Amino acid sequence: MSFIKDHILSIFCATFIIWCINVFLTQMKYKKKGVPLTGTVVDYVVQSSNYFPVFEFEYEGQKMKVDSYQADKTNNGIGTTDTIYYLPGNTKGVFRERDLKPKLWMIAGIVLCLGVIIIDFGFRK
């Protein structure tokens, strides 16, 4: 129990790094195995003050509506089109082309967390 107490910040940092790696791997999976399609925003799903666009697109002759994994700041994009990546058979979500790029805050967070972990375990007695 004292190990957890002594290294709680490092444990949180390691959890953040694992979460970021999971997000990167999911994005890579969509980019490599997903089908690029043109989707139109037809609605928004509001969750915790975040606006997740609902895209309508056609795949193999079937019209589908699927939420995006990434939220928008506002809900004024109805009718706009975007390139999306859809994994066949997955109705949970899609990624937009622009959302597949690594986010600067995630990269900075990983570097900062690695620094905290190195300092915690490397320089502590």
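Residues numbered from 1 in each chain as written. Predicted model: local features only at pLDDT ≥ 70, side-chain atom pairs only at ≥ 80, totals over all residues. Heavy atoms only, no water.

Draft legend 1. Up close: the overall build of the protein. Helix and strand counts for the protein come out as three helices and five strands. Mapped in sequence order, the helices and strands of the protein form the string α-α-β-β-β-β-β-α. In summary, the protein has a C-alpha radius of gyration of 19 Å against a globular reference of 14 Å for 125 residues, an excess of more than 25%. Based on the C-alpha atoms only, the size of the protein along its principal axes is roughly 65 × 30 × 25 Å. Out of the 125 residues in the protein, the part that is buried amounts to 33%. For the protein, long-range pairs separated by at least 24 residues make up 62% of all intrachain contacts whose partners lie at least 6 apart in sequence. Of note, the protein has its 15 positive side-chain charges centred 8 Å away from the centre of its 11 negative side-chain charges. (Helix = DSSP H or I, 4+ residues; strand = E, 2+ residues; numbered from the N terminus. Rg over C-alpha atoms; globule rule 2.2 N^0.38 Å. Buried < 20%, exposed > 50% of the residue type's maximum accessible area, 1.4 Å probe, protein only. Contact = heavy atoms within 4.5 Å. Lys, Arg positive; Asp, Glu negative; His and termini not counted. Charge placed at Lys NZ, Arg CZ, Asp CG, Glu CD.)

Draft legend 2. The arrangement of unusual backbone geometry in detail. For Ser48, which is not glycine, the phi dihedral falls at a positive 50 degrees. The exposure class of Ser48 is exposed, given its relative accessible area of 70%. One non-glycine residue, Ser49, lies in positive phi territory at about 65 degrees. Here Ser49 lies in the loop between strand E1 (35-47) and strand E2 (50-59).

Draft legend 3. Fine view of the environment of Val45. Within the secondary structure, Val45 sits in strand E1. For the pair formed by Val45 and Ala71, sequence separation is 26 residues and the distance between their alpha carbons is 9.1 Å. When neighbours within four sequence positions are excluded, Val45 is seen to be in contact with Asn50, Tyr51, Phe52, Val54 and Asp67.

Draft legend 4. Looking closely at the sheet that holds strand E4 (residues 81-86). Across the sheet, five strands lie side by side as E3-E2-E1-E4-E5; this open sheet has antiparallel pairing. With partners counted over all chains shown, the strands left at the sheet margins are strand E3 (62-67) and strand E5 (95-96), one partner each. Alignment of E2 against E3, held across six bridges, turns out to be antiparallel. Its bridge partner lying in E3, Phe55 is registered against Val66. (Pairing = 2+ DSSP bridges.)

Draft legend 5. How the structure looks around the side chain of Asn90. Looking at the secondary structure, you find Asn90 in the loop between E4 and E5. In this structure Asn90 comes out as buried when scored by relative accessible area, which is 17%. Within polar-contact distance, the side chain of Asn90 engages the backbone nitrogen of Lys92 at 2.9 Å. Ignoring any residue separated from it by four or fewer positions in sequence, one finds Asn90 in contact with Tyr30 and Tyr69. (Polar contact = N/O pair within 3.5 Å; in protein donor to acceptor, adjacent residues only side chain to side chain.)

Shape descriptors only; they carry no functional weight alone.
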